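# Coordinate analysis (summary)
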Amino acid sequence: MRAMVLRGKALAIEDVEVPKPGPMQVLAKVLACGICGSDLHAAKYMDDMITASRLSGSVAWDSRAETAAMVMGHEFVAEVVEAGPGAESWTPGTRVTSVPVLIDPSSPNGMTAIGYSTVYPGAYGQYVLMSGPMLLRVPDGLADTTAATTEPCAVGLHAVRQAEMKPGESAIVMGAGPIGLMTLIWLKKEGVAHVTVSDYAPTRRELAAKLGADLVVDPAKDDLAAVHLAATGAAAPAVFECVGVEGTLHQAMQLVERGGRVIVVGVCMKEDRIYPMVGINKQLTLKFVLGYTPVEYAEALAALGDRSVDTSLMVTRTVSLDELPAAFEALADPHDCKVVLVP
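Attention here is on the structure that accompanies the text. (Residues numbered from 1 in each chain as written. Predicted model: local features only at pLDDT ≥ 70, side-chain atom pairs only at ≥ 80, totals over all residues. Heavy atoms only, no water.)

## As for the sheet that holds strand β14 (residues 261-264)
Applicable threshold: Only when DSSP finds a minimum of two bridges between them are two strands counted as paired. Each helix corresponds to a stretch of at least 4 residues labelled H or I by DSSP, and each strand to a stretch of at least 2 residues labelled E; elements are numbered beginning at the N terminus. Every axis in this analysis is a line fitted to C-alpha atoms, fitted for helices over the stretch in contact. Angles between the N-to-C directions lie between 0 and 180 degrees.
Strand order in the open sheet formed by six strands is β12-β11-β10-β13-β14-β15, and the pairing between neighbours is parallel. The open sheet has two edge strands, β12 (215-217) and β15 (285-288), and neither has a second partner. For this sheet, the mean angle separating the axes of adjacent strands, direction not counted, is 20°. By the bridge criterion, five bridges tie strand β10 (residues 170-174) to strand β11 (residues 194-198) in an arrangement that is parallel. Bridge pairing in β11 places Ala171 opposite Val195.

Structure follows, in structure tokens:
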């Protein structure tokens, strides 16, 4: 099969072997797969990601990825083509998605991350292996490209749930990339009355307004704290840092009200610097969040299926496999929001 392969920092379209489904696995044809910010990071900072994984005691990252070939892609919807022993209930032609992990007894934690393994190819190719017990049926009528946003949609849901928003509270979302916008969508769905979203890119501010932001701010022109205060009458009790560049965590700590919460969703790939006394003087809570639970993943898919959440506006472009390496380069410019591979 054809797939985009990462070796070191080089991306190329190559022919790779079609995987064979083992016990309790299915082989599925990829219908759509979103480009994730984590994949953009991996293509540039894989060595840093593996180092951070080791420092945190995580075994999620395949350490061989620094040198061995890897097929990424974990925001997928696919169609079952073949079932392995024990997974025969999943008939060919069924559209499915899944939390992107394979049940793998050979792995130290019993799981292998789909899209970050040098053994199993991810969904930036024509076929992907999935574990039968993890599969979820994609609701009828839900477009493939929208279904492929289930994974980042679940990330936004998890961030909002971790913030434990209280009635009457407002929020600031720093960054209107895919994860910031998913966070916005869930804040509004959960009943938060006022959400301010900031981003430097005009196209992303426009998307935030269309997706329900009560106030959109260009931080290059306006004082984010001041305009939020003018709109709501109080500093924000919750700030979602969804940018992930050096300095934004410190900015979030300055923005949030005394006694407030900073929810760290953005992934900064460099060592960063904060002033602990800011957090101490304001008695802040910093909460770092990762991914989602399987229940939240299923909830995100159900919300997309019943249209109580609509992420379709966020899909600004689709690309073929041949166009995928160039799309990685283009996403350095935030003109697009969510780019989806349709192989």
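## Thoughts on a nonpolar patch on the surface
Going by this rule: Every patch collects residues that have over 30% relative accessible area and no salt bridge, joining them within 9 Å if they carry like charges and within 5 Å if they are nonpolar side chains (Val, Leu, Ile, Met, Phe, Trp, Tyr). Only the protein chains shown count as cover for residues, with accessible areas throughout obtained via the Shrake-Rupley method and a probe of 1.4 Å. By definition here, a salt bridge exists when the distance from a side-chain nitrogen of Lys or Arg to a carboxyl oxygen of Asp or Glu is within 4 Å.
Residues Ile274, Leu286 and Phe288 make up a contiguous nonpolar surface patch of about 260 Å² in total accessible area. By the element assignment, Leu286 lies in strand β15.

## Quick notes on the pairing of β10
Inclusion rule: Burial classes follow relative accessibility: with a 1.4 Å probe on protein chains only, a residue under 20% of its type's maximum area counts as buried, one over 50% as exposed, and anything between as partly exposed. For crossovers, right-handed means that the path from the first strand over the helix to the second runs clockwise, given strands pointing away from the viewer.
Within β10, five of the five residues are buried, leaving the element largely enclosed by the surrounding structure. What you see with β10 is no split at all: Ser170, Ile172 and Met174 on one side and Ala171 and Val173 on the other are buried throughout. Traced from β10 through helix α4 (residues 178-189) to β11, the parallel crossover comes out right-handed. With four bridges connecting them, β10 and strand β13 (residues 238-241) associate as parallel partners. Looking at β13, one finds that Ala171 is bridged to Ala238.

## Thoughts on the packing of aromatic side chains
Which entries qualify depends on this criterion: Side-chain rings of Phe, Tyr and Trp, where Trp is taken by its six-membered ring, are said to pair if the distance between their centres is within 6.5 Å; with planes under 30 degrees apart they count as stacked, over 60 as edge-to-face, and otherwise as tilted.
One pass over the full model with this rule turns up two aromatic pairs. Ring geometry for Tyr124 against Phe328: centres 5.9 Å apart, planes inclined by 85°, an arrangement best described as edge-to-face. Linking Tyr124 in the loop between β7 (111-113) and β8 (127-131) with Phe328 in helix α10 (residues 324-330), this pair joins segments that are 204 residues apart in sequence. A relative accessible area of 0% means that Tyr124 is categorised as buried. Residue classification places Phe328 among the buried positions, given a relative accessible area of 7%.

## Quick word on α4
Put simply, the test is: The span you would expect from a helix comes to 1.5 Å times its residue count less one.
The end-to-end C-alpha distance of α4 is 16 Å, a good match for the 16 Å that 12 residues give at a rise of 1.5 Å each. Taking burial as the measure, the 12 residues of α4 include nine buried ones, the bulk of the element. Where α4 is concerned, the buried positions are Pro178, Gly180, Leu181, Met182, Thr183, Leu184, Ile185, Trp186 and Leu187. Phi turns positive one or two residues past the end of α4, at Gly191, with a value near 95°.

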